[in-house]
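Per-entry structural report
As a plain string of letters, each chain reads:
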Amino acid sequence: MGGPGAAVLGFFALFTGFAVAGAWQQLNTARRHTHEESRALTEVYRAARLLPEPERPVVQQRVRDRTRQVIGGEIGGEWAQMGRGHGSAEAWVAADRIRISVDAVRSQDPSELAAKADVLRGLTDVRRRRR
């Protein structure tokens, strides 16, 4: 095969290579963001241990609920929905519920205020990874 056929085959091979490389890069980026989001949720849960009652158990339960919802909740979880090209409004609402619970913390204790700030920082990181 020579001439035009070889050129077409060469372009096809080059195009296929770029397509595979692009898909591989997207997969790696998605994996990295998923890992970073799960790490941020873990940090939120840990930081919430220092929140005062009654908010502490509420915040931690809402973090667990959101994690379950993303992994395997309604309709296979948000990860399954993202695989079909769209996310879950319920997962965003669940994240907002966590923030509302943290915002309810009213304390003058410096360690509890620091924990609140840490949780809010972690939630911001979760939202950034989710986007």
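Residues numbered from 1 in each chain as written. Predicted model: local features only at pLDDT ≥ 70, side-chain atom pairs only at ≥ 80, totals over all residues. Heavy atoms only, no water.

Quick word on the overall build of the protein chain
Filter applied, for reference: Elements are defined by DSSP. Helices are runs of H or I of four residues or more, strands are runs of E of two residues or more, and each kind is numbered from the N terminus. Under the scheme applied here, a residue whose accessible area is under 20% of the maximum for its type counts as buried, over 50% as exposed, and between as partly exposed, the area being computed with a 1.4 Å probe on protein chains only. Whether two residues are in contact is decided by their heavy atoms, any of which lying within 4.5 Å being enough. With residues, only the protein chains shown are counted as cover, and all accessible areas are computed by Shrake-Rupley using a 1.4 Å probe.
For the protein chain, the count of helices and strands is five helices and zero strands. By the burial criterion, 27% of the 131 residues in the protein chain qualify as buried. Within the protein chain, counting contacts between residues at least 6 apart in sequence, those at least 24 apart form 61% of the total. As displayed, the protein chain has an accessible area near 8500 Å², and 62% of this comes from carbon and sulfur atoms.

Overview of the side chain of Glu-55
Where we set the bar: This count recognises Lys and Arg as positive and Asp and Glu as negative, with His and chain-terminal groups excluded. In what follows, salt bridge is the name for a side-chain nitrogen of Lys or Arg lying within 4 Å of a carboxyl oxygen of Asp or Glu.
As for its placement among the helices and strands, Glu-55 is situated in helix α2 (residues 55–72). Look at Glu-55: it is buried, it has no salt bridge, and the nearest opposite charge is Arg-106 at 7.5 Å. Leave out the neighbours within four places in its chain, and Glu-55 touches Ser-101, Ala-104 and Val-105.

Some details on empty space enclosed by the protein
Our working rule: Computed over the protein atoms alone on a 1 Å grid, cavities are sets of points where a 1.4 Å probe fits but cannot get out and pockets are open sets with protein on both sides within 12 Å along at least five of seven lines; a residue lines them when it has an atom within 4 Å of a point. Grid points are joined across faces, edges and corners, and a volume is the space filled by probe spheres set on the points.
Within this structure, the stated rule accounts for one cavity of 30 Å³ or more. The computed volume of the largest cavity comes to approximately 40 Å³. Lining the largest cavity are Ala-95, Asp-96, Arg-99, Leu-123, Val-126 and Arg-127. Of all the secondary-structure elements, those providing two or more residues to the lining of the largest cavity are α4 (89–103) and α5 (110–130).

Concerning the confidence of the model for the protein chain
Where we set the bar: Scored from 0 to 100, pLDDT reflects the predictor's confidence in each residue.
For the protein chain, mean pLDDT is 81; residues scoring 70 or higher make up 84% of the total. Of all helices and strands in the protein chain, the one with the weakest mean pLDDT is helix α3 (residues 77–83) (66), whereas α5 scores best (90).

A closer look at α4
Inclusion rule: Between the first and last residue of a helix there are one fewer steps than residues, each counted as 1.5 Å, and that sum is the expected span. Within this analysis, the arc is defined by the directions that extend from the helix axis to the C-beta atoms.
Compared with an ideal rise of 1.5 Å per residue, which puts 15 residues at 21 Å, α4 spans 21 Å between its outermost C-alpha atoms and is within 8% of the ideal. All buried positions along α4 are accounted for by Ala-91, Ala-94, Ala-95, Ile-98, Ser-101 and Val-102. Angular distribution of buried residues about the axis of α4 spans 115°; they occupy a single face of the element. Exposed side of α4, more than 90 degrees from the buried face: Ala-89 and Ile-100 are the residues found there.

Here we look at the nonpolar core
Here is the rule we go by: Remark: nonpolar core denotes a set of buried residues (Ala, Val, Leu, Ile, Met, Phe, Trp, Tyr, Cys) joined through side-chain atoms within 4.5 Å.
By size, the foremost hydrophobic cluster in this structure holds 15 residues, and its most contacted members are Leu-51, Val-59, Val-63, Ile-98, Val-102, Val-119 and Leu-123. Examining the composition of this core, we find that five residues originate from one element, helix α1 (residues 4–48), more than from any other. Setting aside chain neighbours within four positions, we find Leu-123 in contact with Val-44, Ile-98, Arg-99 and Val-102.

Considering the environment of Arg-99
As for its placement among the helices and strands, Arg-99 is situated in helix α4. Residue contacts for Arg-99: discarding those within four places in its chain leaves Leu-120, Leu-123, Thr-124 and Arg-127.

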